[in-house]
2 protein chains.
Amino acid sequence: MRTYNLALIGFGGVNRALAQLIDEDPTRFSHLGFDLKVVAITDLAMGSLVQADGIDVGTVLALRRGTTFEQFPGGSATVNNETVIRESPADIIAEATFTNPIDGEPATSHVRWALESGKSVTTTNKGPVALHGEALKQLAADNGAVFAYEGAVLSGTPVLGLARHQLAGLTIKGVQGILNGTSNYVIGRMEAGLALEQAVAEAQAEGYAEADPTADIGGSDVQLKVTILANELLGASITPADVDTTGITGISADDIISAAREGKRYKLIGSAYRGEDGRVVAKVAPNAVSADHPLANIPGATNAVSFDTDLLGTVTITGPGAGRIETAFALITDIIAIHTREKEKVNV
Amino acid sequence: MRTYNLALIGFGGVNRALAQLIDEDPTRFSHLGFDLKVVAITDLAMGSLVQADGIDVGTVLALRRGTTFEQFPGGSATVNNETVIRESPADIIAEATFTNPIDGEPATSHVRWALESGKSVTTTNKGPVALHGEALKQLAADNGAVFAYEGAVLSGTPVLGLARHQLAGLTIKGVQGILNGTSNYVIGRMEAGLALEQAVAEAQAEGYAEADPTADIGGSDVQLKVTILANELLGASITPADVDTTGITGISADDIISAAREGKRYKLIGSAYRGEDGRVVAKVAPNAVSADHPLANIPGATNAVSFDTDLLGTVTITGPGAGRIETAFALITDIIAIHTREKEKVNV
C-alpha cells in the first residue's frame, strides 16, 4: 500500500471537505491501492502547520474560528506557503485557494513552487489553469510531476477525465456547456417571474451566489472555464481574453417570456468549436435554445457539458458544478490519476 | 508502435463500421500508440476468411450481397468460428453477432474460445455479459486476457468506463437509466397523440425498431442491460431472471395524458439500487417522473444513465444507445483498454 503525504494549501471549504473525508475513513482509498496522510496545512487565517508523521486532522477541523496553528508542534501563526510547499515532506500539493482571474496569483506561484520541487499538484483553482495551463503542464513534465485540475470545471463531475480517457478514440469537434450554476439558477427563477435582482438575491439567500455575484452573472467565471475546455479538449492555445464574453445581465424577463412563446429557453452557454480553418473559437453568451437542445433542460444550479463528436454524435455529462464535498471529489479524482502515473513510473 | 491483429466475428453493421473506420484511415489510432489490422472475418452469410498479413478491408466491404469469402486466398464459404477464433493470428476478437437472451449462444462460446486461447475480447453483445459475465471475467483473468464490453450498454456512450475509472473514488449507491431508444421514442410519439401500434410502426419506418419489437417494448432488452449495470457498477451477482420487468405495452395514451396533467412524463426506467440490507434490487418498469427528474427530458431514441453517488450526488451521462458507428466506437474504447493493459504487462 502506497501512502501519499498531502499538503493542503488554503484550508477553506474544499480542502476541509477533503480532510474530513480522510478523517472519517482513513482507509477510504485502500481498495485503489493508496492511503492519504495530511502532513501540512496552510491558511491565510490560521497560519502554517507541518507534521511529518501526519496531522491529527480531526483536531484541526474542530478548531474554533480565529484560532491559529501556533499552539501545535510544527505550527505557526504566519503563512509560509513557499517554505511549506517546497520543503514539507508532501508528495502531493492540494491547492484550493481563491481564484484570481487577472493573473492567477498567488495560486499560480503555489503550483509553480510545487512542480519545481518535483511534487505533483491537484487544484480546483481555475486561475492557474486558464491563465498559465500550458506552461505549468510543461513544468510538470520537466520535473516528472503531474499537474491535475479536474475540479477547475464542473467541480467533481468528471468532464476532463471523461474526455481525456473515455473519449480518447474519437475527435471532439466542439463543446458547449452550462458552466455556472448561479446564472443557471437565476435564469430559471426569472422564467418563474422574478426580476434579475430578485433572482440574484434569492440565489444569495440559497447559498448559490457569492456576496459579489459579478463573476457569475457577468460571465467571467464561465470565460475561464471555456478557456480551459478549449485548450484541454480541442488543443487550442487561448487565454480568457480571446473568449468573447456576455453575461446574463442584459436579458430581461420580457426576453425570457417571448422566447418561451416560441418554445425556447434561455441558457448562459459557454462554447468552443474548431472552425473550418482549424482555429478554435470560444465564446460565452446567453442563448435562447429550443427544447430539444441537449442543454435546454439542465435545471437550477446543475451544470452540464455537451461534447460534439465525430463518432458518437452528441454526448452530455450532467452533474454538480459546485459544493464542498463535490469539489473535494475532484481532488480525489486527480490523486487517483497521480497514483496511476506513480505506478507507471515504478514499472518503467 | 504496437499493431493488434483483429478477428471480426459476425460481419454485420457494427463490425463493418469498425472495418470501415480502419479502412478510411489506417493510422487513426497511431496517436494512442497502436494500429489495427484485420486478419480474420467470419459471418453466417459469407463464411470465413483468414489472412495473416492483413485482409484488404476495402475490397471485402465492397462485396455484393450473397457473395462468399470462397473466392479469396484463406477464404471459405463455411463458417469456422471455433477454428478462426482459436487458431487465427488474432490478438483481439471483436464479437458482434446477434444477442440471444436465453443462453447467450453462440456468442458466449465465441468469447470462451477466445479467452481460453489467451486472446482478449471486445463485444457489444449483451448476452454473454448479462448471462455469464462473472465466469467469463474469471476466465479472462485466468488466461491473462481482457474481456471488455463497453458496447453492451448504451452502445459507444461510455457508461461503464466512466463509472469504473472517473467515478472510482466514490460509492455508487444506485443507477437508473433510459436504456432502450425504441421504447423511449415510442413513448414520445404517444405523448404527441399516437397509439402504441402507430408509434411502433413509425419507429420501424424510422429504422429505430426491429421487425419484431418485442424485446424493445416488452422490456427484455432493458432487463439484460440492467443486469449488466447491477453486476458491474454495484457488485451484484444477479441474472436477468432476478430483474422484475414490465415493458411499455401496458401504458395507454390516457395514462400519458393524465400524467402530463400532473406535470409528469412516462419513461421506461431500468434501475438497480443497493438496499439497507446490502442486497441489490434491480427492475424495469414504466414510471411517470416529474419534470425535474434527471431522466425526464431525455428525448427520442437517446439513452441516458444516471448515477446516484455518495460524494457527487446525481451524475448523468446522455448519448446514443444504438447506431452502427456509435456501437463500433464501443469496440474502439475496449481496444484502448486492452492496449492499456498490454502496456502494463510489458512494464511488469
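Residues numbered from 1 in each chain as written. Chains lettered and ligands numbered in written order. Predicted model: local features only at pLDDT ≥ 70, side-chain atom pairs only at ≥ 80, totals over all residues. Heavy atoms only, no water.

## Examining the side chain of Glu150(A)
Residues and elements named next belong to chain A. Here Glu150 lies in the loop between strand E7 (147-148) and helix H6 (159-166). Of the side chains with opposite charge, Arg164 comes closest to the buried, unpaired Glu150, at an N-O distance of 5.6 Å. Here Val159 takes part through its backbone nitrogen, which lies 3.1 Å from a polar atom of the side chain of Glu150. Only 3.0 Å separates the side chain of Glu150 from the backbone nitrogen of Leu160, close enough to count as a polar contact. Apart from the residues within four sequence positions on either side, Glu150 is in contact with Thr123, Ser155, Thr157, Pro158, Val159, Leu160, Gly161, Ala330, Thr333 and Asp334. (Helix = DSSP H or I, 4+ residues; strand = E, 2+ residues; numbered from the N terminus. Buried < 20%, exposed > 50% of the residue type's maximum accessible area, 1.4 Å probe, protein only. Lys, Arg positive; Asp, Glu negative; His and termini not counted. Salt bridge = Lys/Arg side-chain N within 4 Å of Asp/Glu carboxyl O. Polar contact = N/O pair within 3.5 Å; in protein donor to acceptor, adjacent residues only side chain to side chain. Contact = heavy atoms within 4.5 Å.)

## Some remarks on the interface of chain A and chain B
Contact with chain A, which involves 35 residues of that partner, is made by 35 residues of chain B. Carbon and sulfur atoms make up 67% of the surface buried where chain A meets chain B, a total of about 2700 Å² over both sides. Three residues stand out in chain A for area buried against chain B, namely Gln166(A), Leu311(A) and Leu312(A), and they jointly supply 25% of the buried area on that side. Inspection of the region where chain A meets chain B yields 0 salt bridges. Between the two partners, chain A and chain B, sit 2 residue pairs in polar contact (both at pLDDT 80 or more). (Buried area = accessible area lost by both parts, 1.4 Å probe.)

## Overview of the packing of aromatic side chains
Residue and element names in this part refer to chain A. Taken as a whole, this structure holds 8 aromatic pairs over all chains when the rule is applied. A centroid spacing of 4.9 Å and a plane angle of 55° characterise the contact between Phe147 and Tyr149, whose relative ring orientation is tilted. Tyr149 shares its class with Phe147; the two are buried. Between Tyr185 and Tyr208 the ring centres are 4.7 Å apart and the planes differ by 55°, which places this aromatic pair in the tilted class. Placement of Tyr185 in helix H7 (residues 181-191) and of Tyr208 in the loop between helix H8 (196-205) and helix H9 (214-217) is noted, with a sequence separation of 23 residues between them. Here Tyr185 falls in the buried class, since its relative accessible area comes to 11%. Taken together, Tyr4, Phe29 and Phe34 form an aromatic cluster joined through their ring pairs. (Phe/Tyr/Trp six-rings, centres within 6.5 Å; stacked < 30°, edge-to-face > 60°.)

## Some points on the UniProt feature "binding site: NADPH" (unreviewed entry) in chain A
Residues and elements named next belong to chain A. According to UniProt, the feature "binding site: NADPH" (unreviewed entry) maps to Lys126 in the numbering used here. Position of Lys126 relative to the elements: it lies in helix H5 (residues 126-142). Discounting residues that sit within four places of it in the chain, Lys126 has contacts with Thr99, Ala152, Asp221, Leu224, Lys225 and Ile228. (UniProt positions renumbered as here; feature names shortened; annotations may be inferred.)

## Description of the pairing of strand E12 (residues 303-309) of chain A
Residues and elements named next belong to chain A. Summarising burial for E12: 6 of the 7 residues are buried, a large majority. Where strand E8 (residues 172-178) lies against E12, 6 bridges are found, and the strand directions are antiparallel. The residue bridging Val175 from the neighbouring strand is Phe307, located in E12. Of the pairings in the sheet, the one linking E12 to strand E13 (residues 314-319) comprises 6 bridges and is antiparallel in character. Looking at the pairing, Asp308 lines up with Thr314 of E13. Turn length for the E12-E13 hairpin, with the two strands adjacent in sequence and antiparallel, is 4 residues, and the turn residue Gly313 shows positive phi of about 65°. (Pairing = 2+ DSSP bridges.)

## A look at the sheet that holds strand E4 (residues 75-76) of chain B
All names here are of chain B. The 7 strands lie next to each other as E4-E3-E2-E1-E5-E6-E7, forming an open sheet whose pairing is mixed. Two strands in the sheet have a free side with no partner beyond their single neighbour: E4 and strand E7 (147-148). Note: strand E5 (residues 92-95) against strand E6 (residues 120-123), 4 bridges, orientation parallel. Bridge assignment links Glu95 to a residue of E6, and that residue is Thr123. Together, strand E1 (2-9), E5, E6 and E7 form the strand contacts of helix H4 (residues 107-116), whose direction differs from that of E5 by roughly 175°. (Axes fitted to C-alpha atoms, helices over the stretch in contact; angles between N-to-C directions.)

## Comments concerning the pattern of salt bridges
Residues and elements named next belong to chain A. Overall, the coordinates contain 22 salt bridges over all chains when judged by the stated rule. Residue Glu116 is joined to Arg86 by a salt bridge in which the shortest nitrogen-to-oxygen separation is 2.9 Å. With Glu116 in helix H4 (residues 107-116) and Arg86 in helix H3 (residues 81-87), this residue pair connects regions lying 30 residues apart in the sequence. Residue Glu116 is classed as partly exposed on the basis of its relative accessible area, which comes to 35%. Taking the shortest distance from any N to any O, the salt bridge between Arg112 and Glu116 comes out at 3.7 Å. One end of the pair is Arg112 and the other is Glu116, both in helix H4 and 4 residues apart, which spans about a single turn. It is possible to trace a salt-bridge network through shared partners that takes in Glu82, Arg86, Arg112 and Glu116.

## A look at unusual backbone geometry
All names here are of chain A. For the peptide bond that leads from Glu105 to Pro106, omega is 0°, which places it in the cis range. In this fold, Pro106 is placed in the loop between strand E5 (92-95) and H4. One non-glycine residue, Ser155, lies in the positive phi region at around 40°. Structurally, Ser155 is set in the loop between E7 and H6.

## Observations concerning the packing of H5(A) against helix H10 (residues 220-233) of chain A
Residue and element names in this part refer to chain A. With their axes 8 Å apart at the nearest point, H5 and H10 run at an angle of 25° to one another. Classified by the interaxial angle, the pair formed by H5 and H10 is roughly parallel. Pair H5 / H10 crosses with left-handed handedness. Touching Lys126, Val129, Ala130 and Lys137 of H5 are Asp221, Leu224, Lys225, Thr227, Ile228 and Glu232, all from H10. (Parallel < 35°, antiparallel > 145°, perpendicular 65-115°, else oblique. Left-handed = near helix turned anticlockwise from the far one by under 90°.)

## Looking at the packing of H7(A) against H8(A)
Residues and elements named next belong to chain A. Axis separation between H7 and H8 bottoms out at 9 Å; the angle between their running directions is 130°. With respect to their mutual orientation, H7 and H8 come out oblique. Note that H7 runs across H8; the crossing there is right-handed. Contacts from Thr182, Tyr185, Val186, Arg189 and Met190 in H7 reach Leu196, Ala199, Val200, Glu202 and Ala203 in H8.

## Digging into helix H5 (residues 126-142) of chain B
Residue and element names in this part refer to chain B. A maximum bend of about 95° is found in H5 at His132. Within the sequence span of H5, burial applies to Lys126, Gly127, Pro128, Val129, Ala130, Gly133, Leu136, Leu139 and Ala140. Along its buried surface, H5 packs onto H4, E6, E7 and helix H10 (220-234). The N-capping residue of H5, defined by a side-chain oxygen 3.0 Å from the backbone nitrogen of Gly127, is Asn125. Following H5 by one or two positions, Gly144 adopts a phi angle in the positive range, close to 60°. (Bend = angle between axes of the 7 residues up to and from the residue.)

## Structural notes on the sheet that holds E5(A)
Residue and element names in this part refer to chain A. Spatially, E4-E3-E2-E1-E5-E6-E7 is the arrangement adopted by the 7 strands of the open sheet, whose pairing is mixed. Lying at the two open borders of the sheet, with one neighbouring strand each, are strand E4 (75-76) and E7. Against the sheet, H4 makes contact with strand E1 (2-9), E5, strand E6 (120-123) and E7, and its axis sits at roughly 175° relative to E5, the strand it touches most.

## Regarding the relation of the copies chain A and chain B
Mapping chain A onto chain B is achieved by rotating through 180° and translating by 0.0 Å along the same axis, at an RMSD of 0.0 Å. Both chain copies can therefore be described as sitting about a two-fold axis. (Least-squares fit on C-alpha atoms with pLDDT ≥ 70 in both.)

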